[in-house]
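Below are the chains, spelled out letter by letter.
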Amino acid sequence: MSADRAADLVSSLYRGTAGRPVTSFPEDCIPETFFDVQMILDGLVDRLGIPVQGWKLYFPFKAGQPNLVAPIFTALPSGAHITPELSRLRIWEPEIVFRARTDLPPREQPYTYEEVAQAVEAAPAIEFLATRFDVDDLDELAGRTFERYADNTLSGGFVVGDPRPDWRSIDFSRLRIVSEQGGETVGDIRGGHPVVDPFILVFVGANTARKRHGIRAGQVLATLSPSALLTAEPQATISARFEGLGDVSATFDY
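These notes cover the structure that comes with them. (Residues numbered from 1 in each chain as written. Predicted model: local features only at pLDDT ≥ 70, side-chain atom pairs only at ≥ 80, totals over all residues. Heavy atoms only, no water.)

## Describing the overall build of the chain
When helices and strands are tallied, the chain shows 5 helices and 13 strands. Seen along its three principal axes, the alpha-carbon backbone of the chain occupies a region of about 50 × 50 × 30 Å. Here the chain holds 254 residues, and 52% of them are scored as buried. Once local pairs closer than 6 in sequence are excluded, the contacts in the chain between residues at least 24 apart make up 76%. (Helix = DSSP H or I, 4+ residues; strand = E, 2+ residues; numbered from the N terminus. Buried < 20%, exposed > 50% of the residue type's maximum accessible area, 1.4 Å probe, protein only. Contact = heavy atoms within 4.5 Å.)

This is the structure in structure tokens:
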């Protein structure tokens with residue numbers, strides 16, 4: 001019941017129908033575990049009725065943490081403009097994502113590595129962060145781990161570049177990503193992905209999703225970023241160059 005109330009709140013914040021300001025979950029529905037978080041995220045999909053453009057995929061970095069699948073409601077093409085309606089934060093990070101080429105529907109039998117690998121293609125992307133709560137910056141949410149995840153993982157959406165079906169020729173452990181703002185370099189990393197090979201998250205995520213909603217062709221599958229968070233200046237154009245994978249860019253309209 002508390003997860004239902006929390007999902008009702010986040011849904012109303014998405015719609016703009018909640019009484020303002022709302023800076024946190026009420027005490028009677030604060031999520032306390034990742035199981036709570038997943039129930040809230042599932043509730044968002046059911047309540048909002050917005051087409052799901054993809055999924056953010058997580059798996060345990062320590063024993064006892066369940067796999068987590070969060071909906072992506074906004075996926076924009078490279079060159080898109082990020083408006084204040086999508087996010088007020090101007091915080092972003094480059095990320096390797098995958099896009100489903102074919103459906104991976106719900107089923108009892110686990111998907112094999114090869115089945116999932118043949119069903120997806122890799123693409124360069126930018127994730128821009130957002131919070132539905134009335135806070136000025138993410139520092140106000142520090143220490144509230146489960147609340148941050150339940151706020152749809154603080155994601156505003158993704159800007160996605162052109163996908164590559166031959167992604168298995170790329171050595172992700174050595175992939176260089178150069179991030180720029182207004183033509184100036186603000187990040188330059190090589191490798192460093194949290195799980196080295198980001199496809200592992202897609203494989204695990206596909207088998208988590210098969211027990212629930214499955215994955216549909218065209219959906220974006222996000223895999224965590226190897227980069228630190230970057231903060232853009234007002235009206236900035238941002239871009240990321242993934243050597244051997246492609247480029248992606250976006251502009252903040254505020």
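On we go from here.
## Focus: the environment of Q181
With respect to the helices and strands, the residue Q181 is situated in strand β8 (residues 176-181). For Q181, the contacting residues outside a window of four places in its chain are V186, T231, A232, E233, A236, T237 and I238. In terms of polar contacts, Q181 uses its side chain to reach the backbone amide nitrogen of E233, at 2.9 Å. (Polar contact = N/O pair within 3.5 Å; in protein donor to acceptor, adjacent residues only side chain to side chain.)

## Comments concerning the sheet that holds strand β12 (residues 237-242)
The mixed open sheet is built from 5 strands, whose spatial order is β4-β13-β12-β8-β9. The sheet is open, and its two edges are formed by β4 (80-82) and β9 (184-190), each paired on a single side. Taken over all neighbouring pairs, the strand axes of this sheet differ in orientation by 20° on average, direction set aside. Examined bridge by bridge, β12 and strand β13 (residues 246-252) share 6 bridges and lie antiparallel to one another. Across the sheet, A240 pairs through a bridge with V248, a residue of β13. (Pairing = 2+ DSSP bridges. Axes fitted to C-alpha atoms, helices over the stretch in contact; angles between N-to-C directions.)

## Focus: the pairing of strand β5 (residues 91-100)
Of all 10 residues in β5, 9 are buried, a share of seventy percent or more. By the bridge criterion, 9 bridges tie β5 to strand β6 (residues 120-129) in an arrangement that is antiparallel. Of the residues in β6, the one forming a bridge with E95 is A125. The pairing of β5 with strand β10 (residues 220-222) spans 3 bridges and is classified as antiparallel. Paired with V97 across the strands is A222, a residue of β10.

## Re unusual backbone geometry
In the segment running from R20 into P21, the intervening peptide bond is cis, with an omega of -5°. Along the chain, the position of P21 falls in the loop between α1 (2-15) and α2 (34-48). The phi angle at T153 is positive, at roughly 55°, despite the residue not being glycine. Within the secondary structure, T153 is located in the loop between α4 (145-150) and β7 (155-160).

## Re the environment of E85
The topology assignment puts E85 in the loop between β4 and β5. On the basis of relative accessibility, which here comes to 69%, the residue E85 falls in the exposed class. Sequence spacing of E85 and Q38 is 47 residues, and the spatial spacing of their C-alpha atoms is 25 Å. A polar contact of 3.1 Å, which involves the side chain of E85, links it to the side chain of T83.

## Considerations on helix α5 (residues 199-209)
Among the 11 residues that make up α5, 8 are buried, leaving the element largely enclosed by the rest of the structure. Along α5, the residues that are buried comprise F199, L201, V202, G205, A206, N207, T208 and A209. Contacts made by the buried residues of α5 are with β1 (54-58), β2 (68-72), β5, α3 (113-119), β6 and β10.

## Notes on the packing of aromatic side chains
Overall, the coordinates contain 12 aromatic pairs when judged by the stated rule. Here the aromatic rings of F34 and F146 are separated by 5.1 Å at their centres, their planes lie at 80°, and the arrangement is edge-to-face. Taken as a pair, F34 in helix α2 and F146 in helix α4 lie far apart in primary sequence, 112 residues in all. Where F252 meets Y254, the ring centres are 5.8 Å apart and the plane angle is 85°; that geometry is what we call edge-to-face. By relative accessible area, which is 15% here, Y254 ends up buried. Three or more aromatic residues joined by ring pairs form one cluster here, namely F98, Y113, W167, F172, F199 and F203. (Phe/Tyr/Trp six-rings, centres within 6.5 Å; stacked < 30°, edge-to-face > 60°.)

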